[in-house]
Amino acid sequence: MDYSLERRQLELEDESRLNGGKRAADRVLKHVEKKSESLTPYGKRITAATVQQVAAAIKEKLEQVSTGPKLISNEKLKDIDHYTAATITIRFIIDAISTKGRKFTATAIALGGKIEDEIWANQLHGENPYLIEKIITDIDSRSVHYGYKKYKLNQTQKKIEYKYIPWSVKEKLHVGEALFDIFIKTTGAISIKPKPYRGKTYNVIVCEDKTLEWIKNSNNFNEFLNPEHFPMVVVPNDWTNPFNGGYRKTKGIYLVKGHRITSHMNYLENLKQYDMPEIYNAINALQRTKFKVNVKILQVLKTCFNDGNRSRGKLINNEILDLPNKPHDIAVNKDSLKKWKAEAVAVYTSNERTKSKRLALAKTIYLAEKFEKFENIYFVWTLDFRGRAYPVSPYLNPQGPDYAKALLLFGEAKELGDVGVRYLAIHLANTYGYDKVSLDERVAWVHKHSDVIAHCADVPFENKFWEEADKPFQFLAACFEWAGYLKEGKSYKSDLSVHSDGSCNGLQHFSAMLRDEVGGEAVNLLSSNKPHDIYNMVTNVVKSKLNEDDSTYSQNWKSVGITREATKRSVMTLPYGSTRYSATEFVDEYIQKRIDKGEDLQFTDRQKQAIYLAGKVWDSIGDVVIKAPKAMEWLQKVARLCAEQKTPVFWLTPLGFPVKQAYYSSTETVVRTRMMGRIRIRSTTNKVDKRRQANGISPNFVHALDATTMLLTTNYAKEKGITDFAMVHDSFGTHAANQGVLNECLRKAFVDLYTQVDPLETFLQYALAIIPEKHHHKIPELPKKGNLDINEVLKADYFFS
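The following paragraphs examine the structure supplied in this document. None of these values were measured; they are calculated from a predicted model.

So, about the sheet that holds strand β2 (residues 190-197). Pairing within the open sheet is antiparallel, and its three strands lie in the order β1-β3-β2. Among the strands making up the open sheet, the edge pair consists of β1 (102-103) and β2. Bridging between β2 and strand β3 (residues 200-207) involves eight bridges; their strand directions are antiparallel. Residue pairing in the sheet places P194 in a bridge with N203 of β3.

What the rule picks out here adds up to 35 salt bridges. Between K616 and D549 there is a salt bridge, with its nearest N and O atoms 3.9 Å apart. Highlighted residues: K616 in helix α25 (residues 606-624) and D549 in the loop between α21 (534-547) and α22 (552-560), separated in sequence by 67 residues. Taken as a pair, K616 and D549 share a single burial class, namely buried. Each of D533, R564 and E565 takes part in salt bridges that share partners, so that together they form one network.

Taken as a class, soluble globular proteins show a tendency for nonpolar side chains to be buried jointly. Ranked by size, the top nonpolar core spans 168 residues in total, and within it F473, F475, I534 and W557 carry the most contacts. Those residues within four positions of W557 in sequence are excluded, and the remaining contacts are L546, I562, V587, Y590, I591, R594, F603, Q609, Y612 and L613. One finds Y162, Y164, L173 and I215 within the second-largest nonpolar core, a separate group that totals 46 residues.

A pair of packed helices is characterised by two quantities: the angle between their axes and the separation of those axes. In contact at an axis separation of 8 Å, helix α17 (residues 450-458) and helix α18 (residues 472-488) are set at 110° when each is read in the N-to-C sense. Judged by the inter-axis angle, α17 sits roughly perpendicular to α18. Between α17, through S450, I453, A454, C456 and A457, and α18, the contact on the second element is made entirely by F475, L476, C479, F480, W482, A483 and L486. For the contact of α17 with α18, a count of residues per class yields 11 nonpolar, one polar and no charged.

Its place among the elements puts S620 in helix α25. The class of S620 is buried, set by a relative accessible area of 0%. A distance of 3.4 Å separates a polar atom in the side chain of S620 from the backbone nitrogen of V542. Within polar-contact distance, the side chain of S620 engages the backbone oxygen of K616 at 2.7 Å. Setting aside its immediate chain neighbours within four residues, S620 contacts V538, V541, V542 and K545.

Attention now goes to the packing of aromatic side chains. One pass over the structure, following the stated rule, counts 27 aromatic pairs. Taking the centre distance of 5.9 Å and the plane angle of 50° together, the rings of W651 and F701 count as tilted. Here F701 lies in helix α27 (residues 690-719) and W651 lies in strand β13 (residues 649-652), a separation of 50 residues in the sequence. The same class applies to W651 as to F701, namely buried. Pairwise contacts between aromatic rings join Y432, Y434, W445, F465 and F475 into one cluster. Residue placement shows K257 over the ring face of Y390; its charged tip is 4.2 Å from the ring centre. Cation over ring: K370 sits above F230, and NZ or CZ is 5.3 Å from the ring centre.

Conventions we followed
- Residues numbered from 1 in each chain as written.
- Predicted model: local features only at pLDDT ≥ 70, side-chain atom pairs only at ≥ 80, totals over all residues.
- Heavy atoms only, no water.
- Pairing = 2+ DSSP bridges.
- Helix = DSSP H or I, 4+ residues; strand = E, 2+ residues; numbered from the N terminus.
- Salt bridge = Lys/Arg side-chain N within 4 Å of Asp/Glu carboxyl O.
- Buried < 20%, exposed > 50% of the residue type's maximum accessible area, 1.4 Å probe, protein only.
- Core = buried A, V, L, I, M, F, W, Y, C linked by side-chain atoms within 4.5 Å.
- Contact = heavy atoms within 4.5 Å.
- Axes fitted to C-alpha atoms, helices over the stretch in contact; angles between N-to-C directions.
- Parallel < 35°, antiparallel > 145°, perpendicular 65-115°, else oblique.
- Nonpolar A, V, L, I, M, F, W, Y, C, P; charged D, E, K, R; others polar.
- Polar contact = N/O pair within 3.5 Å; in protein donor to acceptor, adjacent residues only side chain to side chain.
- Phe/Tyr/Trp six-rings, centres within 6.5 Å; stacked < 30°, edge-to-face > 60°.
- Lys NZ or Arg CZ within 6 Å of the ring centre and 35° of its normal.

The following block contains the structure:
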């Protein structure tokens, strides 16, 4: 054991925890400083937990019949919805709950002022709904200050000459005091206590000790939950049970990820009872894979990211667009002002849209720089509730975007040999986008472009050929390896992970379980000389349907033509719950992409054109993929019957992993205030959500099966001596020299899965245990199977290629 590395690992875990804690604490501190504590995690929980009771108390107060003089607070509060008043009250109080020594009288007046502002804005809206709505919507879209909104509405009030009598200080005080009284009696979170100051006594607002302790525990909990999980520099601990594995000392990482709540902890305890040796064996093999940072790609990536002149390799650079300069006549020229505003909004929107991507890229580069000095790094892996495996570390990991994958090499290199040279060439062609042809044609394409590939490796900033690739940074990483092969021949030792990708993997699983020979051929479960492209197949059916139709919509589409991109997303997402409605959205996105490229489609009614083509796409999918929709419909019906029993759906995967699909109803109340915008208050119930259970079963069922395939493949490959894996659920990677063996293991795993188990029949047996016998007659018959010989997958070159 290398004790220096072990010590460094413990230091990294401490740093990870401290960084995460500081990040969470900084977020809370910013809200405290801005007096917006209601937007913190604990503030949102307090709001969700108390708003119903406070609203009910306000309503009860207003409904009480008094024989004495009318209360000022009641007279004012009757002009505002009690739920809105409760929301404003709670948020106002929480927004400064940590501030000590606030004088009660002044704060009550300020709260009354907030209520008055809302009533005033509502009255303005009633006077001129269109104008006020337009102003408020515009201001809310720009997230500007509360005071600015009030200023703009004041200006508008003068323009429309609306007469409004402002509240007196006394009226504000009465309203504020009444709402404070209700909040205190309802929640007990704060109290009003006297405090002597310079010979006088003031009433001040005091946050109760129990509330402060709860907030402190909540903050500690959030800091605990938010470490910045780094890669490891030593081999992760093997998973031996749901609680033990992965990091050396980092807490809160479990075999199956989920919220650290009682129900999930009970689930993990229950998971101990299941015998899952193949699950543990596979995930530990993934964790033991040695990686290192690809320093060549890191240098290229950093240069591209910091190149403010242009975007390279389909990468977002670090340059934030500058707002346009204000014209000299902006104060007097309305057209000039309007043009400048439009240009400024476009720049601002572009910067905001790319902000998260820019941040993710920057963090990935930071991690690569942090770990490039280590000879080997490792990743902790965990499962989700369906058994899918994921690295814990974000940004830099084997399942990241193109540039993140390219930044990782295996810790050990293996001599290419004849097999490795072939698979390295196939990988080059695949990552470039030349993957719709035969394997031999892909290899030939690489040899034909061998010189330019080598030139990309030598001078990546001069030769831009690699930038045109579908996956430019993975392609460039492979260029470096190809250049090494050209210099040293097949004895060259390569440490690159090369991948074989599935062909619409979700439909491959549905076609296999239903023995669908038509769908199976479309997704390459059968042997063929060239790969079938299911997206092109569906597109060709759509074209034939357009030719059979003489409508104006059909003529419009035939005049502009359609490509496989028009059908790809609808087909790809079919196993994961897409609908005719979502197909319309995908077609509309397809239209927008073509417009963005400068095409003039000349559609007079774009929405109707999208709806029309989506209908043709949806019908054409049914012609090509015949049985998958029937299986999806059957699963949804059974899931609904299970949900009627108010219980989650449960089944075991073929590897013995227990899947528990539990979607619970959540209540979401949207309070639309004029002055504070939309306020969403969410809370989760313990009631099973029938709709979500039905919608989720198809994607979760197929995800559980692709997870089984990946883990089983890993175990088979491990038995064959492979120790290095870069696995995604529809893309399996290892050394080029071992890719042939991995492909054999993958095909064997898939065939074994569907010959040794009938997934739908197994699911039915678990459903029968959930659904009472008196309701068994409601369960539809299992979908009929076709005549596909699943053993054909063993000879199917393009199943994964």
